[in-house]
2 protein chains.
Amino acid sequence: MTQQKTFDHIHCDKCEKRGDSIFCCMQGDSLDELSDSKTCSIYRKGQVLFNEGGHPFGVYCVNKGKIKVSIVGDEGKEQIVRLAKDGDVLGYRSMLASERYNATATALEDSQVCFIPKDIFLSSLKKDSTLSVEVMKLLSTQLKAAEIKLTHLAQKPVRERLAETLLFLKETYGFEPGTDILSVQLSREEIANLVGTATETAIRLLSELNKENIIELMGKKIKITNIKALIRTANLSDY
Amino acid sequence: MTQQKTFDHIHCDKCEKRGDSIFCCMQGDSLDELSDSKTCSIYRKGQVLFNEGGHPFGVYCVNKGKIKVSIVGDEGKEQIVRLAKDGDVLGYRSMLASERYNATATALEDSQVCFIPKDIFLSSLKKDSTLSVEVMKLLSTQLKAAEIKLTHLAQKPVRERLAETLLFLKETYGFEPGTDILSVQLSREEIANLVGTATETAIRLLSELNKENIIELMGKKIKITNIKALIRTANLSDY
DNA sequence: CAAAATTGCTGATAAAAATCATGTTTGTTA
DNA sequence: TAACAAACATGATTTTTATCAGCAATTTTG
């Protein structure tokens, strides 16, 4: 474990993102206790919050940043299973199940992340039934997302999944202000590991979408030129 | 909705499978209330407990039987995302998330299933914090399973996934007593929809494993002749 | 800044898996 | 029980995707 750089401790009460998080309904003393016992660290791009196989000692709450959660498959290939943004909580699943982490969380860019110790989180969970409800809702949402992703992985061709992934990146992290450029910058390999395909295939299909004027590739930046066409190529039942 | 045939109401207190279920820690009045308000029905093979898109009015608890939970993909192809056995609870995810069902639950054989109305389940959740904990644990376990399945779907060849599926069927439902014959009987198409492949491919690979004396095909019954070899072909990191 | 390393790109090829076609077996029911 | 439908099986073919190889561009670092 490398020593983390810390940033100014922000009281959860003042955190803008709390309203969207599982801590939305907390207040008063419970929130104070939570806030007082947390530590706030900065993770540089590429730094790991926790590692597959490690023991959970608490939960991570993203104050500002972008985090990928990934599993390393049997042949050593990374599969990105989730992406976290401001207000998202990480590492609670393994803690609740009393298991080691089954995934690794890595910062995609410099991020401010708060850490809430296990005992404080668990006691909050006991005291505050609304927190339990929020946790259950979050788990439910993520389970649904995982099952749908699993279905698409089994049934949809790579091109459709790539288009879907680009739309997902837009939903999750949005555009750079005033543009149609995705505000995450992933390597081609990371995009492939999100889609579930070989890197070369992802590259090829990206430049295909580029040639079709659906997206525009600007180095690592991706501009969505024709979102309707992108939705069409994703071939989603809803949307 | 077709009228369900009911079976003799069993008090949850007497249910042998309760110990392994999320209701393991419940007792006394709470359990009585749960038990008194439930209805017990028999679902014949192929009958549907609930349908993708439907509204959840309660949770289903499998007393005895085998249930598949599946999502229909965009092209109408079924993907089996989970299997339920005695003591398993179904339909709670959508209820907790206040959403419609995102999957369909179908009986794989004649099954006895109890139904607990929404309000009773939710009030039990509020009253009994151990139940919340169990629900969170269950969701956590299922989320982990889904993320691992997703990773394997993205990275492992069909043959390995098929072997893995057969081992999973053994883990879940076990053998017919005193034999090495899987106690679930699935159609080849269902096996394919569990593995995430085309039916023909599943058939071909099954008969390949048959020729290699790893399994023995006896109509719909599957005997696992050489489990070590099956584990090897599944190529699992753990195990 | 130049060298080295990583990442991105493209073509050729191989492998994996899906699809199509057709026949067989099994199960259902009139 | 005959006739029909559904499920199973297998071969041939096509499509999709992965792998391999070589090179260009970008980034990192001494």
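Residues numbered from 1 in each chain as written. Chains lettered and ligands numbered in written order. Predicted model: local features only at pLDDT ≥ 70, side-chain atom pairs only at ≥ 80, totals over all residues.

Peer 1: Explain the overall build of chain A to me, please; I cannot follow it from the model alone.
Peer 2: What chain A contains, in helices and strands, is eight helices and eleven strands. The C-alpha atoms of chain A give a radius of gyration of 19 Å, which matches the 18 Å a tight globule of 239 residues would have. Expressed along its principal axes, the backbone C-alpha trace of chain A runs to roughly 55 × 40 × 40 Å. When each of the 239 residues of chain A is scored for burial, the buried share is 41%. Long-range pairs, those at least 24 residues apart, make up 69% of the contacts in chain A with a sequence separation of at least 6. (Helix = DSSP H or I, 4+ residues; strand = E, 2+ residues; numbered from the N terminus. Rg over C-alpha atoms; globule rule 2.2 N^0.38 Å. Buried ≥ 20, exposed ≤ 12 C-beta atoms within 10 Å, placed from the backbone. Contact = placed C-beta atoms within 7 Å.)

Peer 1: When you look at the protein's contact with DNA strand D in this model, what are you seeing that I'm missing?
Peer 2: Close contacts around DNA strand D come from 18 residues, with A:Pro157, A:Thr201, B:Ser187, B:Arg188 and B:Ser207 the closest. Elements that contribute at least two residues to the surface near DNA strand D include exactly helix 5 (158-173) and helix 7 (199-211) of chain A together with helix 6 (188-195) and helix 7 (199-211) of chain B. Counting residues per element, the surface near DNA strand D draws most heavily on helix 7 of chain B, which supplies five residues. Looking at the surface near DNA strand D residue by residue, the class counts come to six nonpolar, five polar and seven charged. (Near = placed C-beta within 6 Å. Nonpolar A, V, L, I, M, F, W, Y, C, P; charged D, E, K, R; others polar.)

Peer 1: When you look at the protein's contact with DNA strand C in this model, what are you seeing that I'm missing?
Peer 2: Taken together, 17 residues sit near DNA strand C, with A:Ser187, A:Arg188, B:Pro157, B:Glu200 and B:Thr201 positioned nearest. Put simply, the parts of the chain that give the surface near DNA strand C at least two residues each are helix 6 (188-195) and helix 7 of chain A together with helix 5 (158-173) and helix 7 of chain B. Among the elements that line the surface near DNA strand C, the one with the most residues is helix 7 of chain A, at four residues. Its residues placed into classes, the surface near DNA strand C shows five nonpolar, five polar and seven charged.

Peer 1: Sorry, what's going on with the sheet that holds strand 5 (residues 67-72) of chain B here?
Peer 2: Hydrogen bonds between backbone groups are what pair the strands of a sheet, and the pairing can be parallel or antiparallel. Residues and elements named next belong to chain B. Reading across from one edge, 3-8-5-6 is the order of the four strands in this open sheet, with antiparallel pairing throughout. Looking at which strands have only one partner, the edges of the open sheet turn out to be strand 3 (48-50) and strand 6 (78-84). The mean inter-strand angle of the sheet, taken between neighbouring strand axes irrespective of direction, is 30 degrees. In this sheet, strand 8 (residues 104-107) lies alongside strand 3 in antiparallel orientation, the contact comprising two bridges. Its bridge partner lying in strand 8, Phe-50 is registered against Ala-105. (Pairing = 2+ DSSP bridges. Axes fitted to C-alpha atoms, helices over the stretch in contact; angles between N-to-C directions.)

Peer 1: Looking at this structure, how should I read the packing of helix 5 of chain A against helix 7 of chain A?
Peer 2: Two numbers describe a pair of packed helices, the interaxial angle and the distance between the axes. All names here are of chain A. For the pair helix 5 and helix 7, interaxial distance at closest approach is 10 Å and the crossing angle is 75 degrees. Between helix 5 and helix 7, the angle falls in the class roughly perpendicular. Contact with helix 5, carried on its side by Val-158, Arg-159 and Leu-162, involves Thr-201, Ala-202 and Leu-205 of helix 7 and no other residues of that element. (Parallel < 35°, antiparallel > 145°, perpendicular 65-115°, else oblique.)

Peer 1: Explanation requested: unusual backbone geometry in the structure shown.
Peer 2: Of all residues except glycine, most have a negative phi; of all peptide bonds, most are trans. In this model, A:Ser98 sits at a positive phi of 55 degrees, which is unusual for a non-glycine residue. You can see A:Ser98 is positioned in the loop between helix 2 (92-96) and strand 8 (104-107). The exposure class of A:Ser98 is exposed, given the 10 C-beta atoms found within 10 Å. The backbone of B:Asn235 sits at a positive phi, close to 55 degrees, despite the residue not being glycine. Position of B:Asn235 relative to the elements: it lies in the segment after helix 8 (227-234). Given 17 C-beta atoms within 10 Å, B:Asn235 falls into the partly exposed group.

Peer 1: Is there a simple way to think about the pairing of strand 5 of chain B in this case?
Peer 2: Successive side chains on a regular strand alternate, one facing one side of the sheet and the next facing the other. Residue and element names in this part refer to chain B. Burial runs high along strand 5: five of the six residues are buried. Linking two consecutive strands that pair antiparallel, namely strand 5 and strand 6, is a turn of five residues; a positive phi of about 85 degrees is found at Gly-76 within it. Two elements, strand 5 and strand 8, share four bridges in a ladder whose sense is antiparallel. The partner of Ile-67 across the bridge, within strand 8, is Ala-107.

Peer 1: What is the right way to read the interface of chain B and chain A from this model?
Peer 2: By a widely used convention, the size of an interface equals the accessible area lost when the partners come together. Taken together, the contacts link 36 residues of chain B with 36 residues of chain A. Partitioned by chemical class, the residues of the side of chain B that touches chain A number 14 nonpolar, 13 polar and nine charged.

Peer 1: How should I be thinking about the relation of the copies chain B and chain A in this particular structure?
Peer 2: Between the two copies of the chain lies a relationship made up of a rotation around an axis and a movement along it. In the superposition of chain B on chain A (RMSD 0.0 Å, axial shift 0.0 Å), the rotation amounts to 180 degrees. Both copies are brought into coincidence by an operation consistent with a two-fold rotation axis. Same-surface contact between copies: 100% of interface residues of chain B are shared with the interface of chain A. (Least-squares fit on C-alpha atoms with pLDDT ≥ 70 in both.)

Peer 1: Whenever I open this one, the packing of helix 6 of chain A against helix 7 of chain A confuses me. Can you help?
Peer 2: Residues and elements named next belong to chain A. The N-to-C vectors of helix 6 and helix 7 enclose an angle of 100 degrees; their axes lie 8 Å apart at closest approach. In terms of their interaxial angle, helix 6 and helix 7 are classed as roughly perpendicular. Facing helix 6, whose interface residues are Arg-188, Glu-189, Ile-191, Ala-192 and Val-195, helix 7 presents Thr-199, Thr-201, Ala-202 and Ile-203.

Peer 1: Looking at this model, I keep getting lost on the sheet that holds strand 8 of chain A. Mind explaining?
Peer 2: Residue and element names in this part refer to chain A. Spatial strand order, 3-8-5-6: four strands in an open sheet with antiparallel pairing. Each of the sheet's edge strands pairs with one partner strand only, and the pair in question is strand 3 (48-50) and strand 6 (78-84). Between one strand axis and the next, the sheet turns by 30 degrees as a mean value, whatever way the strands run. Helix 6 contacts strand 5 (67-72) and strand 6 of the sheet and is inclined by roughly 90 degrees relative to strand 6.

Peer 1: Sorry, what's going on with the environment of A:Leu217 here?
Peer 2: Along the chain, the position of A:Leu217 falls in strand 10 (residues 215-218). Using a count of 15 C-beta atoms within 10 Å as the deciding quantity, one classes A:Leu217 as partly exposed.

Peer 1: What exactly am I supposed to notice about the environment of B:Val48 here?
Peer 2: Residues and elements named next belong to chain B. For Val-48, the location among the structural elements is in strand 3. The partly exposed category is assigned to Val-48, around which 15 C-beta atoms lie within 10 Å. With 21 residues separating them along the chain, Val-48 and Val-69 place their C-alpha atoms 9.9 Å apart. With residues up to four places along the chain from it excluded, the contact list for Val-48 reads Thr-104, Ala-105 and Thr-106.

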